[in-house]
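# Architecture and fold: a report
Spelled out from the first residue to the last, the chains are:
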Amino acid sequence: MASSAEIRESFLHFFAEREHERVASGPLVPPNDPTLMFANAGMVQFKDVFTGKETRPYSRATSSQKCIRISGKHNDLENVGVTARHHTFFEMLGNFSFGNYFKRDAIKFAWDYFIDTLALDPERIVITVFGGEEGFAPADDDAAAIWKDVTGFSDERIIRCGAKDNFWQMGDTGPCGPCSELHYCLGLDDIDPRTFGEEPAPDGRGWFELWNLVFMQFDRQSDGQMKPLPAPSIDTGAGLERIAVVKQGVLSNYDTDLLRPVVDLASEISGKRYRESQSDDDVSMRVIADHARTTAFLISEGVFPDKDGRAYVLRRVMRRAIRHGHRLGIHEPFLHHCALRVADDMGDVYPQLDERRALIEQISLQEEERFRRTLDRGLQLISENKKWIDLGGSRSLPGEVAFKLYDTYGFPLDLQNVIGEEQGFAVDQKGFDTELDRARLRSQGSKVGSSAVADVYPELAQRFGTIAFLGYDHEDAQSEILSLVSDGGQVDALGPGASGEVITRATPFYAEQGGQVGDRGVIELDGARFEVDNTHKPVEGLIVHLGKVASGSFEVGAKVDLRVDRALRSATRRNHSATHLLHWALRKVVGETAAQKGSLVGPDRLRFDYSATRPLEAAQIQQIEDLVNACVLENTEITTDSLSMDEAKARGAIGIFEEKYGEVVRMLTIGPSLELCGGTHARRTGDIGLFKVLSETGLAAGVRRIEASTGLNALGHLRRVESELTGAASLLKSPASQLRDRVERLLEQQKESQREIDRLKRSLMSGDSADLSAHAREIDGAKVLGATVELGDAGALREMADQLRDKLAPAVVLLGSPTKDGKKALLVCSVSKDLVGRFRAGDIVKAAAGIVGGNGGGRPDFAQAGGPDPSKLEEAVHAVYDIAGAG
């Protein structure tokens, strides 16, 4: 038996011996790729290498990539835990060739690793190749012939399939090619290649895919034409969990050492035995194990559960796991224990699990506690729901109700479907989608996966390569205009007053990224002037200046002078360096769970988002300010080192896992802070000047935001506060130093005055009630009174009604009053408890409220209402006599 760790290492070692660069897993959140929600294959981190946008110092690579797939025909969420193979999180082993070797080597490597290194039984293996299909490419006879030569297999075991199964493409256009898969027959004594294609049994017995080899040899054009790539490449992927199944002699991925420990923990927590069956309890334990892995890994990368984009995917997964724990009878928070078990088991391979262990526990526990508070309420709302519709003969939950459960109570739609299956109803998917679209129009949320950059930018990046950035050392430079862009397309010139974008061969302008705003300034040429309002980087390597021609005109090929606005750049430098010190101080005061979630650094202020479940106390804010300002006063030099990622981590540098870092990283040392950063910074800590926190607020579940300023901006803030303080002191005729005592005395005087007002009101009400009681009518042994008074306050009106009810008991009292501004009507009804069988306060006040144009209700013995028409109050209160039967 081989452990999963041994299998992973054997794979990477096998290819390293064959001149492949061992590359660490890329992040689950793909940097600089808005088209992809999560890394879902090993090739994701090499995507720009395959397309030619990026070059690396090697042409062969191997990796074990952490992946998440939540959608697609092979990864439907509802199948997780039900089948032996479906997962949301998995590891993809892969080897890659960037124009180096091709089919023969890829096939020989795969076969040698499986047969010689892992000692798999070749009799249990079949191969699939692309059989050709119109609109794609001819049959891959080359691959079939190579497989036959390498394996000695007969034609029966080299199976030809269509494009659906054996042709890979990155998108509608671009690199693509046929693929070849190795399938393995597990758990059957009778190995018959003719049964290939049949779905495996739920327990895992049967044929299943182990390894996919993609032969990227074509470039699909927009007209569908397939052009050969100048340098064909290889992209392969083999699921670690699947190989572990074979090597560890089990049937299900959930019984391997990657998942079984978490399954067993779920069994222990629930007090129910895991029987390796398809029972509901066993399915729930497997769901928890899988979802705990996704939870731990995503939180370790800074993704926290919320209502949009990636955060919502995590929330769906976590709440699905919690729901399965609930159905297992687990009544206390448990998911954080399972996520921590994942960190224990995999932290040696993925160190961020250990580094952010406390954060994983904190966020998991917080989300479960929040969801458990609403779970029972949501189930109650479904059981009490009166709005049901018929869809195709099925009793269905309307879309607006389903959306309310999602939007207000955090119930993911798939969880509602699960509950529906259990309770015998369907959910109106179309209606839900309509409500969701309306909500998106009202509030623009995350657009991950839908906001790809304009086509012109990738074209420019491919043509010109990486634009040289000179801004670390220079704020002025000369360069050549490579391209001009207007309205999304390239133009030859920009004339006076034209808005557009300028791309030069080199630039000192910093492009907005990593939280730092883009530089502003001017581009000039012989009296012509282009005012740069922003600088951005729409695709990796391409720096674009956005702005407007203030005078003259600009043409492609012209030599120009570029000048950054030095005052704005200097202010931004100060704030960026202060952000690093703030991050260090925050972690020192709060702890390492205060992980950076995002930032925005501009010339006027800085904004820092961090993970937290509770606000900072005033004393903590002061402590953070003191720590940062102490570093400023030390006036140490800010240094930059270029070094490998491993060396930077060994020296204690921290970074944001969502950011994209290359093989060589830039490490900033700012006082005690060591961070990876590509931004511009001050020369010394003393350049920052004064540091002042402006605010600390909640941003989202588990995320808080600090805003601060430095230098003259911080001084300006203090002067504004001082001016407000002086002004307030002047109004109260008090020295500023005594303002707090003066305000406290005024507040106490106000409270005493209010108490005297309330006392006088009660005295007046007692007198008024004595007068009003004389107007009560007796109806069938009960006193009934309807009257208007000028109180203007609902509380006072209720108190008077209760006084009259007790004085006249048994009684029914309906009182009305205009509000203090005279624009609305107030109504209260009070009924003695021994009369509620005959007169119900809610019914009476509802009828009276209709007269003043309003509505209301309440308990049988007391109810209140309001309406917009106080002119009809007399009519409304006198209605009580008709309602009570006085006529």
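Please read these numbers as outputs of a predicted model, since none were measured by experiment.

Of the regular secondary structure elements, the protein holds 24 helices and 36 strands. Among the 887 residues that make up the protein, the fraction classed as buried is 50%. Within the protein, residue pairs in contact and separated by at least 24 positions form 68% of the contacts whose partners lie at least 6 positions apart. On the protein, roughly 40100 Å² of surface is accessible, and the fraction owed to carbon and sulfur atoms is 47%.

Moving on to the packing of aromatic side chains. One pass over the full model with this rule turns up 31 aromatic pairs. Their ring planes at 80° and their centres at 6.2 Å tell us that Phe196 and Trp207 sit as a pair that is edge-to-face. Taken together, the positions of Phe196 in the loop between strand E7 (174-186) and strand E8 (206-220) and Trp207 in strand E8 put the pair 11 residues apart, joining distant regions of the chain. With 5.2 Å between their ring centres and 65° between their planes, Trp388 and Phe425 make a pair best called edge-to-face. Within this pair, whereas Trp388 is found in the loop between helix H12 (357-384) and strand E10 (389-391), its partner Phe425 is found in the loop between helix H14 (413-423) and strand E12 (426-427), the two being separated by 37 residues in sequence. In textbook terms, an aromatic cluster arises when at least three aromatic residues are bridged by ring pairs, as seen for Phe11, Phe14, Phe15, Tyr101, Phe109, Tyr113, Phe114 and Trp211. Over the ring of Phe153 we find Arg157, and its NZ or CZ is 3.9 Å from the ring centre.

Here we come to helix H9 (residues 309-327). With 19 residues, H9 should cover 27 Å at 1.5 Å per step; its first-to-last C-alpha distance of 27 Å lies within 8% of that length. Burial analysis of H9 places 16 of its 19 residues in the buried class, which makes it a mostly covered element. Downstream of H9 by one or two residues, Gly329 has phi in the positive range, about 90°.

Proteins that are soluble and globular tend to have nonpolar side chains buried together. Counting residues in hydrophobic clusters, the biggest one holds 112 residues, and the most contacted among them are Phe114, Trp147, Leu182 and Trp211. Beyond its immediate chain neighbours, meaning those up to four positions away, Trp147 contacts Ile107, Trp111, Ile127, Val129, Gly152, Ile158, Ser180, Leu182 and Leu213. Core analysis: the second largest hydrophobic core is formed by 43 residues, Ala787, Val812, Leu815 and Phe839 among them.

Quick look at the sheet that holds strand E25 (residues 606-611) now. Overall, antiparallel pairing links the 4 strands, which are arranged E24-E25-E30-E29 in an open sheet. Each edge of the sheet is formed by a strand with only one pairing partner; in this case those strands are strand E24 (596-601) and strand E29 (691-700). Pairwise comparison of adjacent strand axes, ignoring direction, gives a mean angle of 15° for this sheet.

The next thing to look at is the pairing of strand E33 (residues 811-818). Counting buried positions along E33 yields 8 of 8 residues, so the element is predominantly enclosed. Alternating residues of E33 divide into Ala811, Val813, Leu815 and Ser817 and Val812, Leu814, Gly816 and Pro818, and every residue in both groups is buried. Direction of pairing for strand E32 (residues 782-788) relative to E33: parallel, over a ladder of 6 bridges. Looking at E33, one finds that Ala787 is bridged to Leu815. In this view, the connection linking E32 to its parallel neighbour E33 by way of helix H22 (residues 794-808) has right-handed handedness. Sheet analysis places E33 next to strand E34 (residues 825-831), joined by 7 bridges and oriented antiparallel. For Ser817, the partnering residue across the bridge sits in E34 and is Leu826. Linking E33 back to E34 in an antiparallel pair, the connection comprises 6 residues, with Gly822 at a positive phi of about 75°.

A few words now on the side chain of Arg56. Its location among the elements puts Arg56 in the loop between helix H2 (47-51) and strand E2 (60-68). A distance of 3.0 Å separates a polar atom in the side chain of Arg56 from the backbone oxygen of Gln45. Looking at Arg56, its side chain comes within polar contact range of the side chain of Tyr58, at 2.8 Å.

As a further point, take helix H20 (residues 711-731). Between its terminal C-alpha atoms H20 stretches 31 Å, which fits the 30 Å expected from 21 residues at 1.5 Å a residue. One or two steps after H20, the chain reaches Lys733, where phi turns positive at roughly 50°.

We now examine the confidence of the model for the protein. With 94% of its residues at a pLDDT of 70 or more, the protein shows a mean pLDDT of 89. Ignoring residues within four places in sequence, the model shows residues 443-452, a span with pLDDT below 50, making 13 contacts including any to other chains.

Read from one edge of the open sheet, 3 strands run E26-E27-E28, paired in antiparallel fashion. With one partner strand each, in any of the chains shown, strand E26 (639-644) and strand E28 (673-676) form the two edges of the open sheet. With strand direction ignored, the average angle separating the axes of adjacent strands in the sheet is 30°. Examined bridge by bridge, E26 and strand E27 (residues 664-670) share 6 bridges and lie antiparallel to one another. Bridged to Asp641 within E27 is Met667. Strands in contact with helix H17 (residues 566-590) are E27 and E28; relative to E28, the strand with the most contacts, it is inclined by about 115°.

Where the residue is not glycine, phi is negative for most of them; where a peptide bond is considered, it is trans in most cases. In this model, Ala809 is joined to Pro810 through a cis peptide bond whose omega is -5°. Within the secondary structure, Pro810 sits in the loop between H22 and E33. Phi at Asn635 takes a positive value of approximately 55°, unusual for a residue other than glycine. Take Asn635: it is sitting in the loop between helix H18 (618-634) and E26. Taking the relative accessible area as the measure of exposure, Asn635 reaches 32% and is therefore partly exposed. Of note, Lys733 is a non-glycine position whose phi angle comes to about 50°, a positive value. One can find Lys733 in the loop between H20 and helix H21 (739-773).

This next bit is on the environment of Leu397. Along the chain, Leu397 falls in strand E11 (residues 394-397). Sequence-wise, Leu397 and Asn417 are 20 residues apart; in three dimensions their C-alpha atoms are separated by 9.7 Å. When residues no more than four places from it in sequence are discounted, the contact partners of Leu397 are Asn385, Trp388, Ala402, Leu405, Gln416, Phe425, Ala426, Val427 and Asp428.

Quick notes on the rules
- Residues numbered from 1 in each chain as written.
- Predicted model: local features only at pLDDT ≥ 70, side-chain atom pairs only at ≥ 80, totals over all residues.
- Heavy atoms only, no water.
- Helix = DSSP H or I, 4+ residues; strand = E, 2+ residues; numbered from the N terminus.
- Buried < 20%, exposed > 50% of the residue type's maximum accessible area, 1.4 Å probe, protein only.
- Contact = heavy atoms within 4.5 Å.
- Areas by Shrake-Rupley, 256 points an atom, 1.4 Å probe, with all protein chains shown as cover.
- Phe/Tyr/Trp six-rings, centres within 6.5 Å; stacked < 30°, edge-to-face > 60°.
- Lys NZ or Arg CZ within 6 Å of the ring centre and 35° of its normal.
- Expected span 1.5 Å × (residues − 1).
- Core = buried A, V, L, I, M, F, W, Y, C linked by side-chain atoms within 4.5 Å.
- Pairing = 2+ DSSP bridges.
- Axes fitted to C-alpha atoms, helices over the stretch in contact; angles between N-to-C directions.
- Right-handed = clockwise from strand over helix to strand, strands pointing away.
- Polar contact = N/O pair within 3.5 Å; in protein donor to acceptor, adjacent residues only side chain to side chain.
- pLDDT = per-residue confidence, 0-100.

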